Amino acid sequence: MKKVLFYLSAVCVLLSFQGCPTTPPEPVDPRDAFVGVYSYQSEGALEADLGITTFKLPLDGTGEFTITKVGEGDKVQIIGYNDTINASVSGNNLILETNTITETIQGYNMQLQFANTTATLTDNILNWQTDLEAIVSVSGMNIRVGGQLTMNATNLTKAK
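The model shown is predicted, which means the values in this text are computed figures rather than measured ones.

(A) Summary view of the overall build of the chain. A count of helices and strands for the chain gives 1 helix and 11 strands. Reading the helices (α) and strands (β) of the chain from amino to carboxyl end gives α-β-β-β-β-β-β-β-β-β-β-β. Out of the 160 residues in the chain, the part that is buried amounts to 29%. Within the chain, contacts between residues at least 6 apart in sequence are counted, and of these 47% link residues at least 24 apart. Carbon and sulfur atoms form 56% of the exposed surface of the chain, whose accessible area is close to 10400 Å².

Take a look at the structure:
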């Protein structure tokens, strides 16, 4: 009799687990891994050979930018110093759009075009390289120059 009661109890316990409704997991937005305030360090330079002299303008710097979601899907924006870059999320990568800004750096008026490569997020650190092309206005002449910029940014929101 004890054996029958034991098996009956076991069956009741198993049936009670099957009767519990399971809630489906909340969908995860892949953009959430990228959203936040970032502190960045950039290294690079614009360089041009002007024939009689070589022109090199360093673009090293530090600062902050913010990544926010835009609408539905995979779109985000990087909002920083005087600029906004549109991007989309794919896994642990940001695919950044090319963007152009006009800026005065060290007294030179420039139109800078950033041909961004894919940015990779690893442990809340975002890294990418950018090929730069610029038109620099010097003494009434427009000079086309190029260079590279490396960005390393830490998500301050998630680094806590």
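The rest of the description comes next.
(B) Expanded view of the side chain of N116. Here N116 lies in strand β8 (residues 108-116). The residues contacting N116, other than those within four sequence positions of it, are I85, L96, E97, T98, N99, W128, Q129 and T130.

Rules behind the numbers
Residues numbered from 1 in each chain as written. Predicted model: local features only at pLDDT ≥ 70, side-chain atom pairs only at ≥ 80, totals over all residues. Heavy atoms only, no water. Helix = DSSP H or I, 4+ residues; strand = E, 2+ residues; numbered from the N terminus. Buried < 20%, exposed > 50% of the residue type's maximum accessible area, 1.4 Å probe, protein only. Contact = heavy atoms within 4.5 Å. Areas by Shrake-Rupley, 256 points an atom, 1.4 Å probe, with all protein chains shown as cover.

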